[in-house]
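Single-letter residue listing:
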Amino acid sequence: MVSDASDVAPVVQSTADDIAEMRIRGAATIADAAAEALATQAELSDASSPAAFRSQMHAAAKTVYETRPTAVSLPNALRYVLREMDGDTVDELRSSTIAGAEAFRRNLERAQTTLGEIGANRLRDGDVVMTHCHSTDALACIEAALEAGKHIEAIVRETRPRNQGHITARQLREWGVPVTLIVDNAARRYLNDADHVLVGADSIAADGSVINKIGTSGLAVNARERGVPVMVAAQTIKLHPDTLTGHTVAIETRDETEVLTPSERNEITPHESDDELTVENPAFDVTPPRHVDAIVTERGQFPPESIVTLMRELFGETTRDPWET
Ligand SMILES: O=C(COP(=O)(O)O)[C@H](O)[C@H](O)COP(=O)(O)O
């Protein structure tokens, strides 16, 4: 049973709002915030019985889950923490949930560091990397390469409409990496100067398809044509277990105002009643496995077609919602 939203702590609701409004964004960061939110809910719960506690936790998980649909790290995080919730009293349930959330967050950090070290092996001294969006997993590979003393340069796509490329550029400049920032449409021209395309993932499907920020698939197609290898940095919490049984990954579409402000719309069509100007704003796309050279995880690097083996080993087959553990 899932209790209603009034049982959810305001701070959990505010985390959910931050995810929905993208003040908290990026698949790994969202997973971390989701686990933290469940720990906070457990801490603040005033439940008078174990059943009431469980039901509050499920309501909190549902509130966070219903924010953005594409990054599977979110349900994977909720599932992990709720599975750790164990005990016969409210106090036992509370402490096991908090411990579960803390373990999840520690593992997340450790996995990213390990993944970074593995990914850095693909980067040679002097390499130029082209990035898209802002991915902490992808940046972990560059950071580890820099720590190993390699000189790395970056061509950073700005990533319309939200310009997450600016966050990537800022981080890389903090690390002293020379950055060339380009508009997304210039990528094909600059691929001639790149040794790798390096992106993250929001979800990886069982067939090795990579779901990541809109524009990734076109970049990968162009990279393949230019002979530039495409490397995807993705911790195993990005593996989407539901795709093992044929489910597809929901692609989030966001508000048109991210693409066209109301005043820009008004310049194009001053007639308020004009509903024939449609703006589409999908946030993610699907890159088929044939355009990806390697998926780098904390468990090693894999050709995309073989990721299914790891997915089965880690998740088994589940199509249940996180609160139906
Ligand atoms: O597509 C995005 C972010 O999209 P948005 O900005 O819409 O959330 C990132 O590439 C992945 O989430 C991986 O990020 P990380 O490696 O940090 O998990």
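Keep in mind that this is a model prediction, so the values were computed, not measured.

With numbering aligned to this structure, UniProt lists the feature "active site" (unreviewed entry) at Cys133 and Asp202. Spatial clustering of the annotated residues is evident: they stretch over 70 residues in sequence, but the largest pairwise C-alpha distance comes to 11.4 Å. A relative accessible area of 8% means that cysteine 133 is categorised as buried. In this structure cysteine 133 touches Arg25, Arg157, Thr159, Gln164, Gly165, Thr168 and Lys213, once residues within four positions along its chain are discounted. Looking at the secondary structure, you find aspartate 202 in the loop between strand S4 (196–199) and strand S5 (203–204).

Take the site of the ligand next. Close contacts around the ligand come from 18 residues, with Arg25, Ser135, Thr136, Asn212 and Lys213 the closest. At a separation of 3.0 Å, an oxygen atom of the ligand approaches a polar backbone atom of glycine 26. Take alanine 28: an N or O atom from its main chain is 2.7 Å from an oxygen atom of the ligand. Across the complex, the protein chains shield 100% of the 460 Å² of accessible surface that the ligand would expose by itself. Elements that contribute at least two residues to the shell around the ligand include exactly helix H2 (27–44), helix H6 (136–147) and strand S6 (210–213). In terms of residue class, the shell around the ligand is made up of 6 nonpolar, 6 polar and 6 charged.

Taken together, the buried positions of helix H1 (residues 10–20) are occupied by Val12, Thr15, Ala16 and Ile19. Projected down its long axis, H1 shows its buried positions confined to an angular sector of 100°, all on one face. Close packing links the buried residues of H1 with H2 and helix H3 (50–65). Among the residues trailing H1, methionine 22 stands out with phi positive, at a value near 65°.

Below, the discussion takes up the domain arrangement of the chain. Many descriptions give the size of an interface as the accessible area lost when the pieces come together. Domain boundaries assigned for the chain yield domain 1 (5–113) and domain 2 (116–249 + 282–315). Spacing between the C-alpha centres of domain 1 and domain 2 amounts to 27 Å. Interface area, domain 1 with domain 2, both sides summed: about 1700 Å², of which 53% is carbon and sulfur. Among the residues domain 1 hides against domain 2, the three largest losses belong to Arg25, Thr70 and Gln112. Together they make up 32% of the total. Counting across the interface, domain 1 meets domain 2 through 0 salt bridges. Inspection of the region where domain 1 meets domain 2 yields 11 residue pairs in polar contact (both at pLDDT 80 or more). When residues of the side of domain 1 that touches domain 2 are traced back to their parent elements, those giving at least two are H2, helix H4 (73–84) and helix H5 (90–120). Ranked by residues supplied to the side of domain 1 that touches domain 2, first place goes to H5 with 5 residues.

Conventions we followed
- In this numbering scheme, every chain counts its residues from 1 along its sequence in written order.
- The model is predicted, so local features are restricted to residues of pLDDT at least 70 and side-chain atom pairs to those at 80 or more, both for listing and for counting; the totals for chains, interfaces and linings are taken over all residues.
- The side-chain figures draw on all heavy atoms in the structure; neither hydrogens nor water molecules are used.
- UniProt positions are given in the numbering used here, feature names are shortened, and annotations may be inferred rather than shown by experiment.
- Buried residues are those whose accessible area, probed at 1.4 Å on protein chains only, stays under 20% of the maximum for their type, while exposed residues exceed 50% and partly exposed ones sit between those limits.
- By the convention used here, residues are in contact when the closest approach between their heavy atoms is within 4.5 Å.
- Strands are runs of DSSP state E lasting at least two residues, helices are runs of H or I lasting at least four, and both sets are numbered from the N terminus onward.
- When at least one non-hydrogen atom of a residue lies within 4 Å of a molecule or strand, that residue is treated as near it.
- Under this definition, polar contacts are N or O atom pairs within 3.5 Å; protein pairs additionally need one hydrogen-donor-capable and one acceptor-capable atom, and for neighbouring residues in sequence, both atoms have to be side-chain atoms.
- Calculation of accessible area relied on Shrake-Rupley with a 1.4 Å probe; when residues are assessed, cover is drawn exclusively from the protein chains displayed.
- Three residue categories are used. Nonpolar comprises Ala, Val, Leu, Ile, Met, Phe, Trp, Tyr, Cys and Pro, charged comprises Asp, Glu, Lys and Arg, and polar comprises the others, including Gly.
- This arc is built from the directions going out from the helix axis to the C-beta atoms.
- Per the annotation, domain bounds derive from an automatic or database assignment of domains.
- What counts as buried area is the accessible surface, traced by a 1.4 Å probe, that two parts surrender upon association, with contributions from both included.
- What makes a salt bridge here is a side-chain nitrogen of Lys or Arg within 4 Å of a carboxyl oxygen of Asp or Glu, nothing more.

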